[in-house]
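Descriptive analysis of the structure
These are the residues of each chain, in order.
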Amino acid sequence: MGTITDEMKDDILRLLRLCGIPWVESPSEAEAQCAALERLGLVDGVVTEDSDIFVFGGQKVYKGHRARAGPGQGQARRPRDAPGRDYTDGVRGVGIVNGMEVLRAFPPAADGVEGVHGGLSRFRDWMDGIGDVLPDDATPPEVAFHGKHRSARARWAAPADFPSRGIITAYLRPAVDTSRTRFTWARPDLDALQRFCADTLGWEREETARVVGPVLKVLESTSTQTRLESYFMRYEDNVTFGKVKIKALSKT
């Protein structure tokens, strides 16, 4: 996907409004906002391919069209600083397998920023050679780690600020919209949609009407709440969309 410009974003939000689809703009990470909406009881689940949703506390996640129960947020957040994620490059040479070994050998405290920071700080001391002598309270996993990965310290390299308190805080206390206002759906505005699609996509009015028509027909034919999937086209409907006029949009 190419870069989303402010103009493209405004067009998308305008299109959602014209279609009667509610939306919320996240002040930070999208997955953090989605997890917050789930905690607030405003959505039944989250559709995403980004595993960070579990770190932010997502519970019912639809990935690859299947719902999966998420692990606890404390369990999920711990590996993120070592292998690297959106906020950091992590430790060069440490992947998800070694990352889990690090966490078993240098477990953080049960809760809180200080605990997570403390566990990874002990790992940093080991990388810097400070922990060559095993402490008296070394656990069996830590003893095994020292023996298995002693030579790896020459290959692994951490950023100067590792472990970063800011990164842990970004996952534990992300900026999100916590409004409890419930979403409401509205009827699509066909006339406004026809003007919008003509201006931005180069569609004829008849082309827009053909695409939006089935949605309006469903809305007009029932007096009860329509299931969500009824609002969308199916592959077997053989509905084809007009070509996008703007090259930047066609690449996204």
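Residues numbered from 1 in each chain as written. Predicted model: local features only at pLDDT ≥ 70, side-chain atom pairs only at ≥ 80, totals over all residues. Heavy atoms only, no water.

We apply this condition: UniProt positions are given in the numbering used here, feature names are shortened, and annotations may be inferred rather than shown by experiment.
By the naming in an unreviewed UniProt entry, the protein chain goes by XPG-I domain-containing protein and is assigned to Thalassiosira oceanica. Here is the UniProt Subcellular location (unreviewed entry) comment for the protein chain, exactly as written: "Nucleus".

Points about the packing of aromatic side chains
What counts, and what does not: The aromatic pairing rule takes the rings of Phe, Tyr and Trp, using the six-membered ring of Trp, and pairs them if the centres are within 6.5 Å, calling planes under 30 degrees apart stacked, those over 60 edge-to-face and the rest tilted. We count a stretch as a helix when DSSP gives it H or I for four or more residues in a row; a strand needs E for two or more, and each element gets its number in order from the N terminus. Whether a residue is buried, partly exposed or exposed follows from its accessible area with a 1.4 Å probe, protein chains only, as a fraction of its type maximum: under 20%, in between, or over 50%, in that order.
Overall, the coordinates contain 10 aromatic pairs when judged by the stated rule. Their ring planes at 65° and their centres at 5.0 Å tell us that Trp-126 and Phe-145 sit as a pair that is edge-to-face. Taken together, the positions of Trp-126 in helix α6 (residues 113–127) and Phe-145 in helix α7 (residues 140–148) put the pair 19 residues apart, joining distant regions of the chain. In this pair, the class of Trp-126 matches that of Phe-145, namely buried. Between the aromatic rings of Trp-126 and Trp-156, the centroid separation amounts to 6.0 Å while the plane-to-plane angle is 55°, which identifies the pairing as tilted.

Some points on a nonpolar patch on the surface
What counts is decided by this rule: Patch building starts from residues that exceed 30% relative accessible area and form no salt bridge, then joins like charges within 9 Å and nonpolar side chains (Val, Leu, Ile, Met, Phe, Trp, Tyr) within 5 Å. Areas reported here follow the Shrake-Rupley algorithm with a probe of radius 1.4 Å; residue values treat only the protein chains shown as occluding. Here, a salt bridge means any Lys or Arg side-chain nitrogen found within 4 Å of an Asp or Glu carboxyl oxygen.
Where nonpolar side chains cluster on the molecular surface, the patch consists of Ile-96, Val-97 and Met-100 and spans about 280 Å² of accessible area. Relative to the elements of secondary structure, Val-97 occurs in helix α5 (residues 96–105). Of the residues examined, Val-97 reaches a relative accessible area of 59% and is grouped as exposed.

Structural notes on the packing of helix α9 (residues 190–200) against helix α10 (residues 205–221)
How two helices sit against one another is set out by the angle between their axes and by the gap between those axes. Rules: Every axis in this analysis is a line fitted to C-alpha atoms, fitted for helices over the stretch in contact. Angles between the N-to-C directions lie between 0 and 180 degrees. Small angles under 35 degrees read as roughly parallel and large ones over 145 as roughly antiparallel, with 65 to 115 read as roughly perpendicular and the rest as oblique. A clockwise turn of the near helix away from the far one marks a right-handed crossing, whereas an anticlockwise turn of less than a right angle marks a left-handed crossing. What makes two residues a contact is simply this: any of their non-hydrogen atoms within 4.5 Å.
Closest axis-to-axis distance for the α9/α10 pair is 9 Å, and the angle between their directions is 140°. Here α9 is positioned oblique relative to α10, judged by the angle of their axes. In terms of crossing hand, the pair formed by α9 and α10 is right-handed. Listed contacts from α10 to Leu-190, Asp-191, Leu-193, Gln-194, Arg-195 and Cys-197 of α9 are Arg-205, Thr-208, Ala-209, Val-212 and Leu-216.

Considerations on helix α1 (residues 6–19)
So the rule is basically this: Here, expected helix span is obtained from the residue count minus one, scaled by 1.5 Å.
With 14 residues, α1 should reach 20 Å at 1.5 Å per residue; the first-to-last C-alpha distance of 20 Å fits that figure. All of the buried residues in α1 are Met-8, Asp-11, Leu-13 and Leu-18. The positive-phi residue at the C-terminal boundary of α1 is Gly-20, with phi of around 80°.

Notes on the environment of Thr-181
Applicable threshold: In protein, a polar contact requires one atom able to donate a hydrogen and another able to accept it; more generally it is a pair of N or O atoms within 3.5 Å, and residues adjacent in sequence count only if both atoms are side-chain atoms.
Residue position: Thr-181 is located in the loop between α8 (165–172) and α9. At a separation of 3.1 Å, a polar atom in the side chain of Thr-181 contacts the side chain of Ser-179.

Describing unusual backbone geometry
Only a minority of non-glycine residues have a phi that is not negative, and only a minority of peptide bonds are not trans. Residues Phe-162 and Pro-163 are joined by a peptide bond in cis, for which omega reads -5°. Relative to the helices and strands, Pro-163 resides in the loop between α7 and α8.

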